[in-house]
Amino acid sequence: MTDEQYMKLAIDLARKGRGYVSPNPLVGAVLVKNGKIVGKGYHKKFGGPHAEINAIKNAGRHVRGATLYVTLEPCCHAGKTPPCIDTIIKHKIARVVIGTIDSNPLVSCRGINALRKSGIAVKTGVCKEECHRLNEIFFHYMETGMSLYYPKIRSNTGRSHRHFHRKFSMDQLGGVSEIRSSAPGGA
């Protein structure tokens, strides 16, 4: 299989987190060693282990020397979970193939630089457009501070209406998890 084929598997895995990980992005990961998939994972729920960690756990003893395919640049900062790059480095993964760079200023290229500095080969931009579309809302918010979609607002008749007269910031909406969209691929 090619890098693109493995990344498409990671994208499919990432979609399983839709509706559970917000305001975090959807992320999928596949570990491959000697041409065989040895581990798979995705970010299952907000506050839970990230895709890379779930794939590493799934692979067990087969991690060392493997290639990790991940839809989004691995995190390099502590939040609700420790930095994923620390676990990747600790388990001696040989190569990391990344779909798209994380536009979160706490991560943006820092994860990639840390991996390379530790001697791990890194390739970026594999299925970049698909990986970016997967997290369109997340990227838009990280880059602009504004929501991508307008919220649905229910009237006292119970019917949904979209209000296009103003944009709402993520703070006003209480985070990405509060946004609902009828657009294809919307959260």
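Fair warning: this is a prediction, and the values are worked out from it, not measured in the lab. (Residues numbered from 1 in each chain as written. Predicted model: local features only at pLDDT ≥ 70, side-chain atom pairs only at ≥ 80, totals over all residues. Heavy atoms only, no water.)

Q: Could you give me a rundown of the overall build of the chain, with the residues and numbers involved?
A: A count of helices and strands for the chain gives seven helices and seven strands. Sequence-ordered secondary structure for the chain, helices as α and strands as β, is α-β-β-α-β-α-β-α-β-α-α-β-β-α. Within the chain, the fraction of its 187 residues that count as buried is 44%. Across the chain, contacts joining residues at least 24 apart in sequence account for 63% of those joining residues at least 6 apart. (Helix = DSSP H or I, 4+ residues; strand = E, 2+ residues; numbered from the N terminus. Buried < 20%, exposed > 50% of the residue type's maximum accessible area, 1.4 Å probe, protein only. Contact = heavy atoms within 4.5 Å.)

Q: Residue-level account of the environment of E143, with values.
A: Turning to its location among the elements, E143 is positioned in helix 6 (residues 136-144). What makes E143 exposed here is its relative accessible area of 51%. Taking the C-alpha atoms as reference points, E143 and N104, separated by 39 residues in sequence, lie 7.8 Å from one another. Discounting residues that sit within four places of it in the chain, E143 has contacts with S103 and H132.

Q: With reference to specific residues and values, describe the state of the cysteines.
A: Covalent bonding between the sulfur atoms of two cysteines is what defines a disulfide. Inspection of the entire model under this criterion finds zero disulfides. Sulfur of C131: no disulfide; nearest cysteine sulfur belongs to C127 and is 6.0 Å away. (Disulfide = S-S within 2.5 Å.)

Q: How would you sum up the sheet that holds strand 5 (residues 121-124)? Please name residues and give values.
A: If you walk across this open sheet you meet the five strands as 2-1-3-4-5, and the pairing is mixed. Each end of this open sheet is capped by a strand with a single partner; those strands are strand 2 (36-42) and strand 5. Strand-to-strand twist of the sheet, defined as the mean angle between neighbouring strand axes without regard to direction, takes the value 15 degrees. Bridging between strand 4 (residues 95-100) and strand 5 involves four bridges; their strand directions are parallel. Its bridge partner being in strand 5, V97 is matched across the sheet by K123. Of the strands in this sheet, strand 1 (28-33), strand 2, strand 3 (67-72), strand 4 and strand 5 are in contact with helix 1 (residues 3-15), which crosses strand 1 at around 140 degrees. Of the strands in this sheet, strand 1, strand 2 and strand 3 touch helix 2 (residues 51-59), which is tilted by about 140 degrees from strand 2. (Pairing = 2+ DSSP bridges. Axes fitted to C-alpha atoms, helices over the stretch in contact; angles between N-to-C directions.)

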